[in-house]
Amino acid sequence: MFIQRFIGKFVLSAAMLAFFILILAGCASSSTGKLIEGKTNVVTSFYPLYFLAQQIGGESANVINMIPAGVEPHDWSPKSRDLDTAAKAQLFLYNGAGLEGWVDDFLEGLPTDSKLITVEASEGITKISGSPEEDNDATDAKHVDPHTWVSPKSMLVMANTVQKNFVKADPAHKVAYTANYDKLEQRLKELDREYTDALSKTPRKDIVTSHQAFGYLARDYGLKQVAIMGLSPDAEPKAQDLLRITKFVKDNGIKFIFFEELVSDELAKTLANEANVSTMVLNPLEGLTPEQEKKGEDYFSLMKANLQNLVQALQ
């Protein structure tokens, strides 16, 4: 009876969420900046790459993120003006691994005389595939997990890739880009050490998440992720999966179910109520909310908040 009531509520909420996404997509600007002559113009596909480009590019670069604050990247696709902006830039950074389903058509649409350097930032990272055990949407089971950046170890690889391509696009500022990268690398290594030290000491290792976005984090720091939904946050779970996860939570003494801020938390809260546990934020850092942007939050502050929540949940 619980599952029937829940599925009815979830289908309705999913429809409402899709409706509001369409409204937001029509109202929001898909570009957050303009090209600046005299600087290395860099276009990024979503927030983590925008952050890396800003940190490494420094004063020599003008970085334009195509996705506005508060928009979930899985639901976004570029407009013609985004293609025009990228065609006139020097560097285009995208994650790859299937995150940007639109990227092949986007790149094919570039003018033949464009000198844009295109970079798949996740190149060089050993990828994780979605599995039937962890992925509740059967169509996702054969897909590669694109959420590389959620692990500091993977972010270190991505930062190195971005730095090399900055130098390729603008060799005149190699010294500045290298110095900026060195500072960023040290901060990422320190974050990696914090995650390694803190998570190695927690007695519990299982995390239940609303969205299968933490596979690389789990792999790199000895955790096991059990996800309610698949690689896409709007994939609908099956009734038997909801029952299985509820049983897993109860049988394994799970105290928290993690949800994220850019999608509805109704599913996580409903399961948490059924299992008599609490909910807590675990941010996949796919983008900033407008509030986080105003506060000056960034990759490091949000990843440190994630670590605090993980340590609390795994005690």
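So, a few notes on the structure that sits alongside this text. Numbering of residues starts from 1 in every chain and runs along the sequence as written. The predicted origin of the model limits local features to residues at a pLDDT of at least 70 and limits the giving and counting of side-chain atom pairs to 80 or more, whereas totals for whole chains, interfaces and linings rest on all residues. The side-chain figures draw on all heavy atoms in the structure; neither hydrogens nor water molecules are used.

Here the focus is the pattern of salt bridges. What counts as a salt bridge is simple: a side-chain nitrogen of Lys or Arg found within 4 Å of a carboxyl oxygen of Asp or Glu. Across all of its chains, the model carries seven salt bridges by this definition. Between R244 and D241 there is a salt bridge, and its shortest N-O distance comes to 3.5 Å. On the criterion of helical spacing, the pair formed by R244 and D241 is a turn pair, its members being three residues apart in helix 8 (residues 239-251). Of the charged contacts in the structure, one is a salt bridge between K247 and D251, with a shortest N-O distance of 2.6 Å. Highlighted residues: K247 and D251, both in helix 8, separated by four residues, approximately one helical turn. Counting from the N terminus, the helices are DSSP H or I runs at least four residues long and the strands are E runs at least two residues long.

Now for empty space enclosed by the protein. Points on a 1 Å grid, built from protein atoms alone, make a cavity when a 1.4 Å probe fits but cannot get out and make a pocket when they are open with protein on both sides within 12 Å along at least 5 of 7 lines; residues with an atom within 4 Å of a point are the lining residues. Grid points are joined across faces, edges and corners, and a volume is the space filled by probe spheres set on the points. For the structure on display, the rule yields two cavities of 30 Å³ or more. As a volume, the largest cavity reaches approximately 50 Å³. Every residue lining the largest cavity is listed: R204, D206, I207, V208, I254, K255, F256, F258, A313 and L314. When contributions to the lining of the largest cavity are tallied by element, the ones reaching two or more residues are strand 7 (206-209) and strand 9 (256-259). Here the element with the most residues in the lining of the largest cavity is strand 7; it accounts for three residues. Basically, the charged four are Asp, Glu, Lys and Arg, the nonpolar ten are Ala, Val, Leu, Ile, Met, Phe, Trp, Tyr, Cys and Pro, and anything else, Gly included, counts as polar. When grouped by side-chain class, the residues that make up the lining of the largest cavity number seven nonpolar, no polar and three charged. In terms of lining residues, the second largest cavity is bounded by S45, F46, I67, P73, W76, L99, E100 and W102.

Time to look at the environment of Q292. Here Q292 lies in helix 10 (residues 290-295). In sequence terms Q292 and G70 are 222 residues apart; their C-alpha atoms lie 9.3 Å from each other. Note on definitions: a residue-residue contact is assigned when non-hydrogen atoms from the two residues lie within 4.5 Å. Contacts of Q292, omitting those with residues within four sequence positions, involve E261, N283, G287, E297 and L302.

What follows deals with the side chain of D192. Structurally, D192 is set in helix 6 (residues 174-200). Of the residues examined, D192 reaches a relative accessible area of 13% and is grouped as buried. With a 1.4 Å probe rolled over the protein chains alone, any residue whose accessible area is under 20% of its type maximum counts as buried; one over 50% counts as exposed, and the rest are partly exposed.

This paragraph deals with the sheet that holds strand 3 (residues 91-94). Strand pairing requires that DSSP identify at least two bridges connecting the strands. Read across the sheet, four strands follow the order 2-1-3-4 without closing on themselves; strand pairing throughout is parallel. Taken across any chain shown, the strands that pair with only one partner, and hence form the sheet edges, are strand 2 (61-65) and strand 4 (117-120). When the angles between neighbouring strand axes are averaged without regard to direction, this sheet yields 20°. In this structure, strand 3 lies alongside strand 4, joined through four bridges in parallel fashion. Among the inter-strand pairings, L91 is bridged to a residue of strand 4, identified as I117. Between the N-to-C directions of two axes lies an angle of 0 to 180 degrees, each axis being a line fitted to C-alpha atoms and, for a helix, fitted only over the stretch in contact. Sheet strands touched by helix 2 (residues 47-57): strand 1 (40-44), strand 2 and strand 3. Its angle to strand 2, the strand with the most contacts, is close to 175°.

Bringing the nonpolar core into the picture now. Ranked by internal contacts, the top residues of the largest apolar core, which has 73 residues, are F92, F166, Y195, Y299 and L310. With sequence-adjacent residues up to four places away left out, F92 is seen in contact with V43, M66, W102, V103, F106, L107, L116, I117, T118 and V119. Residues belong to a common nonpolar core when they are buried Ala, Val, Leu, Ile, Met, Phe, Trp, Tyr or Cys residues joined through side-chain atoms within 4.5 Å.

Here we take up the pairing of strand 9. By the alternation rule, side chains of strand 9 split into F256 and F258 and I257 and F259, which are all buried. Bridging between strand 7 and strand 9 involves two bridges; their strand directions are parallel. When the bridges of strand 9 are listed, T209 appears paired with F258. In the sheet, strand 9 pairs with strand 10 (residues 278-281) via four bridges, with the strands oriented parallel. Paired with F259 across the strands is V281, a residue of strand 10.

By themselves these figures say nothing about function.
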